Amino acid sequence: MTDEYALRGAGLRRALADAELAPLLPALAHLTDDLSILEPGLRPGDVSQLIGQAPQGGLGQADQDRARRLAEVVITRWADAGCPPPVHPAPERLLEIMRFLAGPVGPGQLPLLYHQLGIREELEPAVPAPVPDGFLAVIIGAGMSGLAAAHHLRQAGVPFVVFERNDDVGGVWLENTYPGVRLDTSNFCYSYSYAQGEGWDDYYSPGPAVRRYLQKVASDEGLRDEIRFGHEVNSLTFDEAGPAWVVEATGRDGATTTLRANVVISAVGQLNNPRYPDLHGLDVFEGPSWHTARWNHDVPLAGKRVAVIGTGASAFQVIGQIAPEVEQLTIFQRTPPWVMPTPNYARKLKPGLRWLFRVLPLYQQWYRFNQFWINVEGRRRFAIVDPDWHRPGSVSPRNAELRDALLARLAETYADRPDLLEKMTPDYPPYAKRMLRDDGAWAAALKQDNVEVVTEKVTEAYPGGLRTADGAEYPADVLIFGTGFAASDFLRGISVRGRGGADLHERWGDDARALGGITVPDFPNLFLLYGPNTNLVVNGSIVLFSEAEVEFVVSCLKYLFEHGLRALEPTEAALAEFYHRVDAASARMAFGVPGVSSWYKSPSGRVTQNWPLSTVEFWEMTRAPDPSRFRMW
Ligand code: NAP
């Protein structure tokens, strides 16, 4: 009921009871250009605890009361003045507001603040010099990164065509429709800086809400007209005489479309080629089977005996959802996940907070910025390897402290089920694999009478179910593969031939490499979004990374146009130097430790997926091309 809230009096106090105070005070200071509300005693502390975030920036009750009283005075005064729109404060004042939340940051961080608050007019315009006649960019994919590319090229006045194999935008959020699909990072951070979303309902949105958000952005920006849906790109061939990329795509009707493009931007993602288990006899299994990313909604699971292979992020969400309805659920687990207790994982945002987001300009932007900033360094410190630390199952004293805290929670959770406690206790360090989030639903599902967790290796299928290495049989009517994706197989299914006929897949083998995760020697004007070593695990924001990568592409184009050039590619020396740093940094992260397998690594064991350095480093690297690291002609 929103009529219980108002900009004055008791209605305002009711709304403020639901407010998140840490970003509210900066938002009000920004809105009114009056910084007196930013009292030093009300500054949020270090909110990233061993487990979860401290509520209300760690403020005690008396400070929370004071912050609410101050906010009430400021909002009432603003309302009495007729709710004037914000006038952005001078840069040094905005920096002071940022410091209230983010601590001692320097003026160099201001562009990141402007970017993340969506204040574009303060940023250096990314509009290239006049775009040469006939210039065309091709974007492959209309998921989160592809839409960001389309947005930025549109802003820069660069003509483009998008090929999308599906019939709508959304990428993984279109393809993954399994029960329980939900973001496990804050939805505020999973929004574009230039389209921050109105009216998120949740802290961690269900999949359909994320899909609707991406669809709305595409429609609102009029991007759909530029997208050729149902078209799968099969080959990219570089024509040196052009120079141009010859792009071939196949439509649903089997017809081939060929385009010549000056630039190709791959936005095909890392997690869209399902990986199936290599099980003997799968073809003889008599029931239906499918991958989590290809959910079969035609088969109701109620009353069925269902087997799920895998307990990664996707299977984890599925299991919590289907356990109550199926007759029997058998879960085949190879490695237990670490689970971060997250009480508000499935909770709705409080109504007063949502109301304030709607009526107070800049509040949602500062809330998003706060979530983003908490993630900038995020939980990286818990994942950094201390070479002098040798306790098994951990990589540093801090990592061990986290491990102990999580173990204590596990012991509490499964106190009544020692069998499950044993099965669900990981022996590898926290953050060596993806940490999952749970509000209690996972353990509750596992404890149901109709649920069994099997840790014996599953070896084969038979007509009526699955068999494990010890010969035991597990009858099943339906098999569900939660077995992940061929993530390190970048650009799978697309033949890519660069300069001199160089074959990208041969060049890479199992070991994809790209400068900044974006460009590859001998493949001029080919730009990869969410490419090698740009996935994020413990810090940063995947949406910021995609935006930063696209901004880099636009600034490369700007450079080329301004200098009358037509192509660029990175030098081998620059790539080698980059990987010298990246591989060394990966080896110092929990996800790089040997002996733990995950989709972060290629089959050779090298971390090919993750960004191991800081967010700010990636942001700075993507502001403009360093001419000494590229060949341009
Ligand atoms: P995944 O993390 O790679 O998990 C695959 C699971 O299948 C693991 O438990 C794996 O065990 C198991 N497995 C694979 N092959 C097997 C075999 N032959 N026999 C038995 N078990 C087998 O894949 P995912 O769960 O689809 O998640 C991939 C990524 O997608 C996530 O890390 C995340 O980045 C993203 N994602 C995000 C969300 C979200 O935002 N909410 C949701 C879903 C997915 P091992 O661990 O032993 O390999």
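**Thoughts on the pattern of salt bridges**
Scanning the entire structure with this criterion turns up 38 salt bridges. Between R260 and D239 there is a salt bridge, with its nearest N and O atoms 2.8 Å apart. Within this pair, whereas R260 is found in strand 6 (residues 256-261), its partner D239 is found in strand 4 (residues 231-239), the two being separated by 21 residues in sequence. One salt bridge in this structure joins E569 and R631, with 3.3 Å as the shortest N-O distance. One end of the pair, E569, is in strand 20 (residues 568-570); the other, R631, is in strand 21 (residues 630-632), and 62 residues separate them in sequence. Salt bridges sharing partners connect three or more residues here, namely R499, R507, D522, E569, E572 and R631.

**A short note on the site of the ligand**
Looking at the ligand, there are 22 residues lining it, with R182, S314, T335, K433 and W599 nearest. The contact in question runs from an oxygen atom of the ligand to an N or O atom on the side chain of T335, over 2.4 Å. Bound to the protein, the ligand loses 87% of the 910 Å² it would expose on its own. In terms of residues, the shell around the ligand owes the most to one element, helix 9 (residues 313-322), which gives 3 residues.

**Remarks on the nonpolar core**
In globular proteins that are soluble, nonpolar side chains generally tend to be buried together. In this structure, Y192, L329, W366 and L446 are the most contacted members of the largest nonpolar core, which totals 177 residues. Looking at this core, the element that brings in the most residues is helix 16 (residues 542-562), giving 13 residues. Of all hydrophobic cores here, the second largest spans 28 residues; its members include L236, I494, A512 and A514.

**A closer look at empty space enclosed by the protein**
Under the definition given, this model contains 1 cavity of 30 Å³ or more. Of the pockets and cavities examined, the largest cavity occupies roughly 30 Å³. Together, S266, V268, G269, F490, L491, L528, L529, Y530 and G531 line the largest cavity. Considering only residue class, the lining of the largest cavity consists of 6 nonpolar, 3 polar and no charged.

**Remarks on the sheet that holds strand 15 (residues 465-468)**
Reading across the sheet, the 3 strands line up as 14-15-16 and stay open at both edges, with antiparallel pairing between neighbours. Unpaired on one side and paired on the other, strand 14 (458-462) and strand 16 (473-475) mark the two borders of the sheet. For this sheet, the mean angle separating the axes of adjacent strands, direction not counted, is 25°.

**Overview of the side chain of S193**
For S193, the position within the fold is in the loop between helix 7 (172-175) and helix 8 (207-220). Given the relative accessible area of 1%, S193 is considered buried. A polar atom in the side chain of S193 sits 2.6 Å from the side chain of E547. Discounting chain neighbours no more than four positions away, the residues touching S193 are H115, Q116, G118, R120, R368 and E547.

**A few points about the domain arrangement of the protein**
Many analyses report the size of an interface as the accessible area lost when the parts associate. In terms of domain boundaries, the protein breaks down into domain 1 (9-105 + 350-376), domain 2 (137-273 + 487-567 + 611-632) and domain 3 (384-427). Residue-level contacts link 12 residues of domain 1 with 18 residues of domain 2. Around 1,300 Å² of area is buried between domain 1 and domain 2 when both sides are counted, 53% of it from carbon and sulfur atoms. Contact with domain 2 buries surface across domain 1, with R354, Q364 and R368 losing the most and accounting together for 44% of the total. Between domain 1 and domain 2 we count 1 salt bridge in total. With its nearest N and O atoms 2.8 Å apart, the salt bridge here joins R354 to D201. In this structure, the connection of domain 1 to domain 2 is made through 8 residue pairs in polar contact (both at pLDDT 80 or more). Those elements that place two or more of their residues in the side of domain 1 that touches domain 2 are helix 10 (351-359) and helix 11 (363-377). No other element matches the 8 residues that helix 11 contributes to the side of domain 1 that touches domain 2. Residue composition of the side of domain 1 that touches domain 2, by class: 4 nonpolar, 4 polar and 4 charged.

**Comments concerning the pairing of strand 15**
Sheet topology places strand 14 next to strand 15; 4 bridges connect them, and they run antiparallel. Paired with E460 across the bridge in strand 15 is R467. Connecting strand 14 to the antiparallel partner strand 15 that follows it, the hairpin turn spans 2 residues. Pairing analysis gives 3 bridges linking strand 15 to strand 16, with the strands arranged antiparallel. Along strand 16, the bridge assignment pairs G465 with P475. Between the end of strand 15 and the start of strand 16, which pair antiparallel, lie 4 residues, with G471 showing a positive phi angle near 90°.

**Here's the deal with the sheet that holds strand 19 (residues 526-528)**
Taken in spatial order, the 5 strands of this open sheet run 3-2-1-7-19, and their pairing is parallel. Edge positions in the sheet fall to strand 3 (227-229) and strand 19, since each has one partner strand and no second. Recorded for the sheet is a direction-independent mean angle of 20° between the axes of neighbouring strands. Direction of pairing for strand 2 (residues 160-164) relative to strand 3: parallel, over a ladder of 3 bridges. Within strand 3, the position partnered with E164 by the bridge is F229.

**Section: helix 17 (residues 572-587)**
Along its 16 residues, helix 17 runs 22 Å from first to last C-alpha, staying within 8% of the 22 Å computed at 1.5 Å per residue. Every buried residue of helix 17 is listed here: A574, L575, F578, Y579, V582, A585 and S586. The arc that holds every buried residue of helix 17, seen down its axis, measures 130°, which confines them to one face. In helix 17, those exposed residues whose orientation departs by more than 90 degrees from the buried face are A573 and H580.

Reading the values: rules and limits
- Residues numbered from 1 in each chain as written.
- Predicted model: local features only at pLDDT ≥ 70, side-chain atom pairs only at ≥ 80, totals over all residues.
- Heavy atoms only, no water.
- Salt bridge = Lys/Arg side-chain N within 4 Å of Asp/Glu carboxyl O.
- Helix = DSSP H or I, 4+ residues; strand = E, 2+ residues; numbered from the N terminus.
- Near = heavy atom within 4 Å.
- Polar contact = N/O pair within 3.5 Å; in protein donor to acceptor, adjacent residues only side chain to side chain.
- Areas by Shrake-Rupley, 256 points an atom, 1.4 Å probe, with all protein chains shown as cover.
- Core = buried A, V, L, I, M, F, W, Y, C linked by side-chain atoms within 4.5 Å.
- Buried < 20%, exposed > 50% of the residue type's maximum accessible area, 1.4 Å probe, protein only.
- 1 Å grid on protein atoms, 1.4 Å probe; cavity = no way out; pocket = protein on both sides within 12 Å on 5 of 7 lines; lining within 4 Å.
- Points joined across faces, edges and corners; volume = space filled by probe spheres on them.
- Nonpolar A, V, L, I, M, F, W, Y, C, P; charged D, E, K, R; others polar.
- Pairing = 2+ DSSP bridges.
- Axes fitted to C-alpha atoms, helices over the stretch in contact; angles between N-to-C directions.
- Contact = heavy atoms within 4.5 Å.
- Domains from an automatic or database assignment.
- Buried area = accessible area lost by both parts, 1.4 Å probe.
- Expected span 1.5 Å × (residues − 1).
- Arc of directions from axis to C-beta.

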